[in-house]
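# Descriptive analysis of the structure
As a plain string of letters, each chain reads:
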Amino acid sequence: MFKERFFHSAAFLLILGLSLFTERVSASTLEKVKERGYLTCGVGEHDFGFAQRDIQGKWHGFDVDFCRAVATATLGDPTAVRFVPVDSQNRITTLLEGEIDLLTRTTTWTLGRDAAMEINFTRITLYEVQGVLARSELGITQLNEAQAGTICVNSGTTSALNLADYLKRNQSNLKMLVLETQQGRWDAFFNGRCDLMTSDRIDLQAGAAILAPNLDDYVILPDVISKEPLAPAVRNDDDQWFDIVKWVINTTIAGEEFGISSQNFVAKKEELPPQASRLFSDNNELGKALGLDTGWASSGCR
């Protein structure tokens, strides 16, 4: 009886150990990306200045360009990206469920998201501010002059939380109209459902320039409701992938500091100081520690 129990227990432990080992040796994000042949990247939709499609369907914007930088470093091809539109409600869930490898959609790095969710923010790529777009006909020069009316904002965002705090703190009579999508917010604003709108200031500036029938009919107020540190995010179960994305950011910043671009790289690479020369060398051995090819840092410049 003892032997039977012992063997049953031993078999159970062996199976458990094998399952844990299988989890540990499961394919990394980098391996999955290489096997698939492209990167999946979560971006916004109608997120002006950050992610939008032109009439040919080609993606443009700050977040889009960073996705292409990661694809260049990992696959040597800036076009090896599939952009997945996500909104403020589903962006983190989409990342956690493995539908995307990387989330770049104008996501603010907050303590709550960092500590309570199974994601890691890599590094801040842009310090944004939350601003306000108003109709010029209101005749106001700052937000506290609007004593009545409606202000549009997207749900599931820090913008909505910050706006609610602002209105309460300033005892404002403005009403919040919360919309689920970027396009829904812009449609509500231009269709007269709200008198003002709040979002990232770049989004407001670019959207007004692109969509407004007459730009003079609208004004961006000088108010700063909050400061927004935006950062790409990855799942917290893959340190190698976290390091790769983080060092792609570091490398793009270094390239800008050294004045390097795809247009001048060949001419400038002989003039680079030693630390830049090591990083952007075709034989960059540092890439091996990340699981990347030796020319990963300069593959988009050649």
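Whatever comes next refers back to the structure up there.
Heads up: these notes are all about the structure in this document.

Procedures and definitions
Residues numbered from 1 in each chain as written. Predicted model: local features only at pLDDT ≥ 70, side-chain atom pairs only at ≥ 80, totals over all residues. Heavy atoms only, no water. Salt bridge = Lys/Arg side-chain N within 4 Å of Asp/Glu carboxyl O. Helix = DSSP H or I, 4+ residues; strand = E, 2+ residues; numbered from the N terminus. Buried < 20%, exposed > 50% of the residue type's maximum accessible area, 1.4 Å probe, protein only. Core = buried A, V, L, I, M, F, W, Y, C linked by side-chain atoms within 4.5 Å. Contact = heavy atoms within 4.5 Å. 1 Å grid on protein atoms, 1.4 Å probe; cavity = no way out; pocket = protein on both sides within 12 Å on 5 of 7 lines; lining within 4 Å. Points joined across faces, edges and corners; volume = space filled by probe spheres on them. Nonpolar A, V, L, I, M, F, W, Y, C, P; charged D, E, K, R; others polar. Disulfide = S-S within 2.5 Å.

### Comments concerning the pattern of salt bridges
Considering all chains together, one arrives at 5 salt bridges under this definition. Between Arg68 and Asp65 there is a salt bridge, with its nearest N and O atoms 3.6 Å apart. In this pair, Arg68 and Asp65 both sit in helix α3 (residues 62–75), 3 residues apart, roughly one turn of the helix. Owing to a relative accessible area of 47%, Asp65 belongs among the partly exposed residues under this scheme. Ionic pairing is found between Asp203 and Arg185, a salt bridge with its closest N-O pair at 2.8 Å. Linking Asp203 in helix α8 (residues 201–211) with Arg185 in helix α7 (residues 182–190), this pair joins segments that are 18 residues apart in sequence. Here Asp203 and Arg185 have matching classes, each one buried.

### As for the nonpolar core
Inside soluble globular proteins, nonpolar side chains tend to come together where they are buried. Formed by 35 residues in total, the largest nonpolar core has its most connected members in Phe83 and Trp241. Breaking this core down by element, the ones donating at least two residues are α2 (29–36), β1 (39–43), α3, β4 (81–85), α9 (239–257) and α11 (274–279). Apart from the residues within four sequence positions on either side, Phe83 is in contact with Cys41, Val43, Trp59, Val64, Cys67 and Arg68. With 15 residues, the next largest nonpolar core counts Ala134, Leu167, Leu221 and Ile225 among its residues.

### A closer look at the environment of Gly291
Inspection of the secondary structure assignment puts Gly291 in the segment after α11. With relative accessibility at 27%, the residue Gly291 sits in the partly exposed group. Along the sequence, Gly291 and Gln240 sit 51 residues apart, while their C-alpha atoms lie 7.9 Å from each other. Not counting the four nearest positions on each side in its chain, Gly291 is found in contact with Leu30, Lys34 and Gln240.

### A look at the layout of surface pockets
Roughly 730 Å³ of volume is contained in the largest pocket. Around the largest pocket, the lining comprises 25 residues; the ones closest to its centre are Ala69, Val248, Thr251, Thr252 and Ile253. Counting residues per element, the ones that place at least two in the lining of the largest pocket are α3 and α9. Residues that form the lining of the largest pocket fall into these classes: 13 nonpolar, 9 polar and 3 charged.

### Quick notes on the state of the cysteines
Under the criterion given, the structure shown has 2 disulfides. Across the disulfide from Cys41 sits Cys67; the S-S distance is 2.0 Å. Its torsion about the S-S bond being -70 degrees, the disulfide of Cys41 and Cys67 is classed as left-handed. Residue Cys41 is found in strand β1, and its partner Cys67 is found in helix α3; the two are separated by 26 residues along the sequence. For the pair formed by Cys41 and Cys67, the shared burial category is buried. Here Cys152 pairs with Cys194 through a disulfide, and the sulfurs are 2.0 Å apart. Between Cys152 and Cys194 the disulfide shows an S-S torsion of about -105 degrees. By sign, it is left-handed.

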